Amino acid sequence: AAGYQTAIYNTYWNPRTESHLLDTLDFSRVAGIIFAMTPTQPAKVRELSRRVPVVAVGDRVVDFGIDTVDVDNFGAAQLVAKHLIGLGHKRIAYLSTALNEHHISRMRRAQGLQEAYRMWCPEGSVTICSHVNSLEAEISTPDLEYRSGMELAYKCLRNDKITGIVAINDMVAYGVLDAIRAEGRRVPEDYSVCGFDNIFPSQFLPVGLTTVEHYIADKGRNAFEILHSKMSGESSDRNITRVEFKHHLIVRDSTAAPRGEEKTG
């Protein structure tokens, strides 16, 4: 709408791929750059931002010295934990695709759940289950997140003390829902399930997914607005802009009191 052409490059969180792109792109022909995730080469990106406007969509805990549009993944996870604790869930599982330093949002959500249970439900526990995938699998498997959710859920169902499952995102949560049904269990009567992202299908029946809305599309628009103000000279290149989007929990039919218990508050 602003009259720019857009080129999209996928790095799959590979530092070498990101570094290669930063070294080989002809920035004399690039008006600006948006990182749709936290850069893996922060020093290189910071140096680049002195020559071309750069905006990153990241997590509030990270400050690379460049313009960012942030979300508080730690706080979002605490919101989910508070909801489950209020329903009476003492033992939950957190299911995620690869957890490592390149996936800050995934790590922060795990930490938020753990800290919330430490403060508000010390007698409870958060079991962390992650699925390690190769770069080749990330690239070549379109349903990777869904399949990871199913495989991890089958492992969790072996632990009969777990009553709530939090998925790293809604696509993983769909895999969890189908695994529970395949095992002859019910949602939310036997297991409560939560996700993150609030993608469009999450509202579909028969079981709407309880999830966190953190405004993915709005963050993208805001990132471009910040970038455009730098590209057009409306704001100084020396000013650093950080915008944080507030999240909120959307409670649907996939969460309820644990099996055999009444809601506590």
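This structure is a prediction, so every number in the text was calculated from the model and none was measured.

1. Considering the pattern of salt bridges
- All told, the structure shown has ten salt bridges when counted by the stated rule.
- The salt bridge involving Lys44 is made with Asp23; its shortest N-O contact spans 2.8 Å. Of the two residues, Lys44 sits in helix α2 (residues 42-48) while Asp23 sits in helix α1 (residues 15-24), which places them 21 residues apart along the sequence.
- You can call Lys44 partly exposed: its relative accessible area is 27%.
- Here Glu244 makes a salt bridge to Lys246, at a shortest N to O gap of 3.9 Å.
- Using a relative accessible area of 62% as the deciding quantity, one classes Lys246 as exposed.

2. Here we look at the pairing of strand β3 (residues 67-71)
- Burial within β3 is extensive, with five of its five residues counted as buried.
- Side chains of β3 alternate between two faces, with Asp67, Val69 and Val71 and Thr68 and Asp70 buried alike.
- The pairing of strand β2 (residues 54-59) with β3 spans five bridges and is classified as parallel. The residue of β3 that forms the bridge with Ala56 is Thr68.
- Two strands pair when backbone bridges link them, and β3 and strand β9 (residues 242-245) are joined in this way by four bridges, in the parallel orientation. Residue pairing across strands places Val71 opposite Phe245, the latter belonging to β9.

3. Examining helix α4 (residues 104-120)
- In this model, α4 (17 residues) spans 24 Å end to end at C-alpha, consistent with the 24 Å of a helix rising 1.5 Å per residue.
- Taken together, the buried residues of α4 touch β2, α3 (73-87), β4 (91-97), β5 (125-131) and β6 (164-167).

4. What about the pairing of β4?
- Burial runs high along β4: six of the seven residues are buried.
- Two elements, β4 and β5, share seven bridges in a ladder whose sense is parallel. When the bridges of β5 are listed, Ala93 appears paired with Thr127.
- Here four bridges tie β4 to β6, and the two strands are oriented parallel to one another. Each residue of the ladder has a partner; that of Tyr94, found in β6, is Val166.

5. Points about α3
- Between its first and last C-alpha, α3 extends 22 Å over 15 residues, near the 21 Å set by a 1.5 Å rise per residue.
- With 13 of 15 residues buried, α3 is to be regarded as a mostly interior element.
- You can read the cap of α3 off the contacts: a side-chain oxygen lies 3.4 Å from the backbone nitrogen of Phe74, and it is on Asp72.
- Where α3 terminates, the next one or two residues include Gly88, which has phi positive at roughly 110°.

Parameters and conventions
- Residues numbered from 1 in each chain as written.
- Predicted model: local features only at pLDDT ≥ 70, side-chain atom pairs only at ≥ 80, totals over all residues.
- Heavy atoms only, no water.
- Salt bridge = Lys/Arg side-chain N within 4 Å of Asp/Glu carboxyl O.
- Helix = DSSP H or I, 4+ residues; strand = E, 2+ residues; numbered from the N terminus.
- Buried < 20%, exposed > 50% of the residue type's maximum accessible area, 1.4 Å probe, protein only.
- Pairing = 2+ DSSP bridges.
- Expected span 1.5 Å × (residues − 1).
- Contact = heavy atoms within 4.5 Å.
- Polar contact = N/O pair within 3.5 Å; in protein donor to acceptor, adjacent residues only side chain to side chain.

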